[in-house]
Amino acid sequence: MGKLYDKTVKKLIKEKPSVRHADGNGLYLMTPKRGDAYWMLRYTTPATKLRREYTIGKVDDWSLADARDEAAKLRLAIKREGADPVQERQKVNQNPFKTLNDLYADYYELRKREIASHHKEKSLYEREVAWRIGKVELEKIRPVDISEILRDVANGYDDNKPRPTLSNDLMRLLRNLFDHGIKLDVTRFNPASPFRPRDAGGEEKAANYPMNEDEVTEFFTKLRVIPAQFSRENYLACALLIATCTRKMELLAAPWSEFDLENRIWYLPEERTKKRRAIDIPLAEPAVEWLNELKVRSCGSEWVFPARRISKKARTPHVCENTLNHALKKLFEKKLFSFDKRRVHDLRGTARTKLGKLGFDDNLAQRCLNQLPGNRTDRVYNKHAYFEERKEAHEALCEWLAPIVRGEVGSGE
């Protein structure tokens with residue numbers, strides 16, 4: 001037990017007979033003539049043997065019992081870990097990342113360099129995290145806060161439907177975000193680290209449903225006869241996604257400056273690819289034909305697929321990422337096709353599957369999709385682009401696809 005009592009503390013604060021009143025073990029009650037009374041711990045640093053004074057807090061906020069508990073914790077950390085509370089506080093005060101929003105702003109700059117879909121990740125953070133715990137100090141965020149967010153998104157809340165896949169995306173985002181904080185030494189633990197898919201949206205299965213040859217024929221045959229519901233630009237976008245084996249926004253957000261139609265090459269830069277890998281894509285003659293038509297339809301725009309509505313509120317100068325998705329979704333909801341719903345991403349899977357059926361080996365087919373096959377050593381040392389081999393693969397792909405897109409092959413219905 002220390003030398004001070006609660007009644008004694010109140011009396012000393014009222015009378016202010018001196019500045020410092022010892023309780024024992026380095027804990028002092030400080031009663032300055034001006035300002036509020038506060039608790040102070042005196043200690044010696046283990047490494048440098050310096051005498052230091054650390055302010056625990058005001059008496060109004062810390063009772064005598066609380067001050068003793070905090071002093072005991074600090075003394076234990078000093079003895080066992082060689083901690084220096086004054087130095088630790090200076091680090092915190094100098095730390096520019098006070099809240100989760102502060103940390104995410106720094107993390108986002110890193111993600112912009114790493115992935116092309118960084119804007120999607122940012123939108124997810126702002127919609128589901130920022131308004132909940134974004135302004136909370138990093139050290140005050142607990143696993144229960146993470147759990148509430150993940151469960152709400154997975155099960156649905158207010159007018160939002162259940163979104164299990166987004167809940168898993170959020171789980172990965174938050175784990176990576178707090179890991180970033182640990183690397184910067186601005187937080188000591190990761191409150192999202194214990195969570196796994198079963199704690200969020202559940203285990204996921206790869207959603208890839210490529211179309212077979214008959215389905216591709218039916219797909220383009222039926223799309224071709226409903227231009228009012230599915231525009232010619234959308235139609236050609238679907239054809240080009242298969243012909244070039246690219247991802248949706250790599251094509252829909254492409255400027256004309258990336259294309260050399262005369263030499264039949266699309267120079268896709270690294271900053272617009274998911275894995276930040278530049279690739280020169282050989283264009284078969286039918287693909288060039290479709291791009292030339294789009295050139296006319298773009299009416300002088302610098303974009304292959306310019307925004308459909310010209311307004312100051314338009315988010316992008318090219319078509320937005322959901323344009324093609326919504327157009328296809330509406331048609332599948334109307335039961336236009338005899339087969340189950342497909343997504344835009346399944347066109348890429350269709351191209352990959354067809355390349356295999358055409359006899360091209362897996363390594364080359366993966367390179368056509370801008371994926372690097374083999375082990376890490378092979379990826380580091382093998383810099384061959386396989387352009388001529390990929391050119392042959394794209395030409396074979398278009399040789400099959402072009403007659404279907406032009407309407408020279410019917411669906412048989």
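Residues numbered from 1 in each chain as written. Predicted model: local features only at pLDDT ≥ 70, side-chain atom pairs only at ≥ 80, totals over all residues. Heavy atoms only, no water.

Looking at an unreviewed UniProt entry, one finds the protein named Tyrosine-type recombinase/integrase, with Alloalcanivorax marinus as its source organism. The Sequence similarities (unreviewed entry) comment attached to the protein in UniProt states, word for word, "Belongs to the 'phage' integrase family." (UniProt positions renumbered as here; feature names shortened; annotations may be inferred.)

In this structure, Lys49 takes a positive phi of about 60° despite not being glycine. Looking at the secondary structure, you find Lys49 in the loop between strand S3 (38-44) and strand S4 (51-58). Here Asn370, not a glycine, exhibits a phi torsion of approximately 60°, which is positive. Turning to its location among the elements, Asn370 is positioned in the loop between helix H14 (362-368) and helix H15 (376-381). Judged by its relative accessible area of 13%, Asn370 falls in the buried class. (Helix = DSSP H or I, 4+ residues; strand = E, 2+ residues; numbered from the N terminus. Buried < 20%, exposed > 50% of the residue type's maximum accessible area, 1.4 Å probe, protein only.)

Before going further, it helps to examine the environment of Val304. Its place among the elements puts Val304 in the loop between helix H11 (285-297) and helix H12 (323-333). The exposure class assigned to Val304 is buried, which follows from its relative accessible area of 2%. Taking the C-alpha atoms as reference points, Val304 and Ala253, separated by 51 residues in sequence, lie 7.5 Å from one another. When near neighbours in sequence (up to four residues on either side) are disregarded, Val304 contacts Ala254, Pro255, Trp256, Phe259, Leu291, Leu294 and Ser298. (Contact = heavy atoms within 4.5 Å.)

Take the side chain of Asp84 next. Looking at the element boundaries, Asp84 is found in the loop between helix H2 (64-81) and helix H3 (85-94). A distance of 2.9 Å separates a polar atom in the side chain of Asp84 from a polar atom in the side chain of Arg52. When residues no more than four places from it in sequence are discounted, the contact partners of Asp84 are Tyr43, Thr45 and Arg52. (Polar contact = N/O pair within 3.5 Å; in protein donor to acceptor, adjacent residues only side chain to side chain.)

It is worth spelling out the nonpolar core at this point. If you look at the biggest cluster of nonpolar residues, it comprises 62 residues, and the most contacted ones within it are Phe219, Phe220 and Phe230. If sequence neighbours within four positions are ignored, Phe230 has contacts with Leu223, Tyr235, Cys238, Leu324, Ala327, Leu328 and Leu331. Counting 28 residues, the second-largest nonpolar core is a separate cluster that includes Leu100, Val153, Met171 and Ala192. (Core = buried A, V, L, I, M, F, W, Y, C linked by side-chain atoms within 4.5 Å.)

Looking now at the pattern of salt bridges. One pass over the structure, following the stated rule, counts 27 salt bridges. With its nearest N and O atoms 2.8 Å apart, the salt bridge here joins Asp169 to Arg172. Here Arg172 and Asp169 lie together in helix H7 (residues 164-183), a separation of three residues that amounts to about one turn. Classification of Asp169 by relative accessible area gives partly exposed; the value is 29%. The partner of Glu218 in a salt bridge is Lys222, with the nearest N and O atoms 3.0 Å apart. With a gap of four residues between them, Glu218 and Lys222 both fall in helix H8 (residues 213-224), about one helical turn apart. (Salt bridge = Lys/Arg side-chain N within 4 Å of Asp/Glu carboxyl O.)

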